[in-house]
Amino acid sequence: MLNEWGAGIDIRYNSKPTLDHLIIQNNNAQSGRGGGIAFYYAGETSILKDLIIRNNNCSDLGGAIYGGPFDLSNSQIYGNTGGTVLHFLNVPISNCVIYGNTGGSVFHSVGQEVLLNCTIVNNSGSISFNGMSAIINTIVGSGHPISNTGILNISHSLIEDGENSIETILGA
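Quick notes on the rules
- Residues numbered from 1 in each chain as written.
- Predicted model: local features only at pLDDT ≥ 70, side-chain atom pairs only at ≥ 80, totals over all residues.
- Heavy atoms only, no water.
- Helix = DSSP H or I, 4+ residues; strand = E, 2+ residues; numbered from the N terminus.
- Rg over C-alpha atoms; globule rule 2.2 N^0.38 Å.
- Buried < 20%, exposed > 50% of the residue type's maximum accessible area, 1.4 Å probe, protein only.
- Contact = heavy atoms within 4.5 Å.
- Areas by Shrake-Rupley, 256 points an atom, 1.4 Å probe, with all protein chains shown as cover.
- Lys, Arg positive; Asp, Glu negative; His and termini not counted.
- Charge placed at Lys NZ, Arg CZ, Asp CG, Glu CD.
- Core = buried A, V, L, I, M, F, W, Y, C linked by side-chain atoms within 4.5 Å.

Caption draft 1: The overall build of the protein, seen in detail. Along the backbone of the protein there are zero helices and 25 strands. Its C-alpha atoms give the protein a radius of gyration of 15 Å, near enough to 16 Å, the size a compact globule of 172 residues would have. Here the protein, with 172 residues, has 46% of them falling under the buried criterion. For the protein, contacts bridging at least 24 residues in sequence account for 37% of all contacts bridging at least 6. Carbon together with sulfur atoms contributes 50% to the accessible area of the protein, which is approximately 7500 Å² in total. For the protein, the separation between the mean place of its 5 positive charges and that of its 12 negative charges on side chains is 11 Å.

In structure tokens, the structure reads:
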């Protein structure tokens, strides 16, 4: 599907859907955000679980998902492209595999994020945190530099490039 925002699924104006056991694929937000899913003034937290989000594209932010808030779990995100692949705020992500995506950033958070029991490998682009965030029991493969402008807690995780791949910007 070809669309400007939310080419696959467009969630707007205080909507609070539960998306469960879906495949969201082959969408193109040609001049906007959210190739797979876009949230625009969505309001309360949506539930996204057991999804496959693959082969979506956008020219701007969120090749796979843009916006929020949502709770993402037990999902696979791969083969997506965009300025950022995942661009969101205040999102817990648990038990997900994120691989084979292409963008300036694999994901860019603008709030309080938690990565729990996830695997992030074989993507191009960085991982950016802004705010109080955590990486817990997660694997981050090599070639994924992590930047942080807030407080980032990393525990029980494998960061393949080690602590040298983590940049904390002071005074931000």
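Caption draft 2: Spotlight on the nonpolar core. Among the nonpolar cores identified, the biggest contains 33 residues, and Ile37, Leu48, Ile65, Leu86 and Phe107 are the most heavily contacted of them. For this core, the secondary-structure elements that each account for two or more residues are strand E6 (37-40), strand E10 (61-67), strand E11 (70-73), strand E13 (81-88), strand E16 (102-109) and strand E19 (124-129). Residue contributions to this core peak at three residues, all from E13. Excluding residues that lie within four positions of it along the chain, Leu48 makes contacts with Leu19, Ile37, Phe39, Ile65, Phe70, Asp71, Leu72, Ser73 and Ser75.

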